[in-house]
Amino acid sequence: MRLHVADHPLITHKLTVLRDENTPSPVFRQLTEELVTLLAYEATRNVRVSPHEIRTPVTATTGVKISEPRPLVVPILRAGLGMLDGMVKLLPSAEVGFLGMARNEETLEPTTYAERLPEDLSDRQCFVLDPMLATGGSLGAAMEFLFNRGARDVTAICLLGAPEGVAAIEKQVEGRDVTLVLGALDERLNEKGYIVPGLGDAGDRLYGTV
């Protein structure tokens, strides 16, 4: 497993505003989109491309285009939806699937309640979007779901991660082609499984409490 923690002042600045409990939902949503676009730049560093012949106003040349099959972007519902626009802005040719996963707040175990994905993901590069890597349960289950359908490699983009979650993912995906891209690696989890210092419940802050 490869781990990349962003080290850029713009990302740190935007995360600081996200962490502030006084930041309203509209600003939170806008900053999340901006952050994901910045993180996606790093996450797509190894996206597969193929040669593409073009003609400029001066001469013929060879560039590249995104290879087939196209990458698949998979936001984990519901909070991952807030990251989707930022991702497809950078990778508009990608296809989009959805996984609905929820965490039992007592056992902290994930459950899958919905999915909209191709049955066969053979040879596909997949990008999973989930704002918070806390215990790693939901993200690990999502990755396993994709690999079981034949995914070639999986890259996860998270705004924040905890060391416990990173360790859990690394253990679970041993031998798989996995990359984690985090905006920041925080201190720890608290007794309720929330990231410290974190930013609270990303879904509630994106969309309000339901």
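This one's a predicted model, so the numbers in the text were calculated from it and none came from an experiment.

Asks: For this particular structure, what's the right way to read the overall build of the chain?
Replies: A count of helices and strands for the chain gives six helices and 13 strands. Its C-alpha atoms give the chain a radius of gyration of 17 Å, within 12% of the compact-globule value 17 Å for 210 residues. Each of the three principal axes of the chain carries a C-alpha extent, and together these read 60 × 35 × 30 Å. Relative to its full complement of 210 residues, the chain shows a buried share of 45%. When contacts within the chain are restricted to residue pairs at least 6 apart in sequence, long-range pairs at least 24 apart make up 70% of them. Side chains of the chain give 21 positive and 29 negative charges; the mean places of these two sets differ by 5 Å.

Asks: How should I be thinking about the confidence of the model for the chain in this particular structure?
Replies: When pLDDT is low, close inspection of the predicted coordinates is not appropriate. Chain-level statistics for the chain give a pLDDT mean of 91 and a share of 96% at 70 or above. Confidence, read as mean pLDDT per element, is least for strand S6 (residues 98-103) in the chain (80) and greatest for strand S11 (residues 178-185) (96).

Asks: Which parts of the structure should I look at to understand the UniProt feature "binding site: 5-phospho-alpha-D-ribose 1-diphosphate" (unreviewed entry) in the chain?
Replies: Residues given the UniProt feature "binding site: 5-phospho-alpha-D-ribose 1-diphosphate" (unreviewed entry) here are Arg78, Arg103, Asp130, Pro131, Met132, Leu133, Ala134, Thr135, Gly136, Gly137, Ser138 and Asp201. Of note, Arg78 is situated in the loop between strand S4 (72-77) and helix H3 (81-90). Note that Pro131 resides in the loop between strand S8 (125-129) and strand S9 (132-133). Owing to a relative accessible area of 2%, Pro131 belongs among the buried residues under this scheme. Beyond its immediate chain neighbours, meaning those up to four positions away, Pro131 contacts Ala79, Gly80, Met83, Cys158, Leu159, Leu160 and Ala202.

Asks: What is the right way to read the state of the cysteines from this model?
Replies: Such a bond, covalent and formed between the sulfur atoms of two cysteines, is termed a disulfide. Enumeration over the complete set of coordinates arrives at zero disulfides. You can see Cys126 has no disulfide; the closest cysteine sulfur is in Cys158, sitting 15 Å from it. Judged by its relative accessible area of 0%, Cys158 is buried.

Asks: Help me understand the pattern of salt bridges in this model?
Replies: A side chain with one charge can pair with a side chain of the opposite charge if their charged atoms come near. Scanning all chains against the criterion turns up 14 salt bridges. Ionic pairing is found between Glu95 and Arg70, a salt bridge with its closest N-O pair at 3.0 Å. One end of the pair, Glu95, is in strand S5 (residues 95-96); the other, Arg70, is in the loop between strand S3 (60-66) and S4, and 25 residues separate them in sequence. Each of Arg48, Asp123, Arg152 and Asp153 takes part in a single network of salt bridges with overlapping partners.

Asks: What is the right way to look at the side chain of Arg205 in this model?
Replies: As for its placement among the helices and strands, Arg205 is situated in helix H6 (residues 202-207). Asp20 provides the closest opposite charge to the buried, unpaired Arg205, separated from it by 6.0 Å. At 3.4 Å, the side chain of Arg205 and the backbone oxygen of Thr23 are in polar contact. With near-sequence residues (within four places) excluded, Arg205 lies in contact with Leu18, Arg19, Asp20, Glu21, Thr23, Ser25, Phe28 and Leu199.

Asks: What's the story with the pairing of strand S10 (residues 153-161) in this structure? I'm lost.
Replies: Most of S10 is tucked away, with nine of its nine residues classed as buried. Here S8 runs beside S10; their pairing, made up of five bridges, is parallel. Counted as the bridge partner of Cys126 is Val154 from S10. Pairing analysis gives two bridges linking S9 to S10, with the strands arranged parallel. When the bridges of S10 are listed, Leu133 appears paired with Gly161.

Definitions and limits used
- Residues numbered from 1 in each chain as written.
- Predicted model: local features only at pLDDT ≥ 70, side-chain atom pairs only at ≥ 80, totals over all residues.
- Heavy atoms only, no water.
- Helix = DSSP H or I, 4+ residues; strand = E, 2+ residues; numbered from the N terminus.
- Rg over C-alpha atoms; globule rule 2.2 N^0.38 Å.
- Buried < 20%, exposed > 50% of the residue type's maximum accessible area, 1.4 Å probe, protein only.
- Contact = heavy atoms within 4.5 Å.
- Lys, Arg positive; Asp, Glu negative; His and termini not counted.
- Charge placed at Lys NZ, Arg CZ, Asp CG, Glu CD.
- pLDDT = per-residue confidence, 0-100.
- UniProt positions renumbered as here; feature names shortened; annotations may be inferred.
- Disulfide = S-S within 2.5 Å.
- Salt bridge = Lys/Arg side-chain N within 4 Å of Asp/Glu carboxyl O.
- Polar contact = N/O pair within 3.5 Å; in protein donor to acceptor, adjacent residues only side chain to side chain.
- Pairing = 2+ DSSP bridges.

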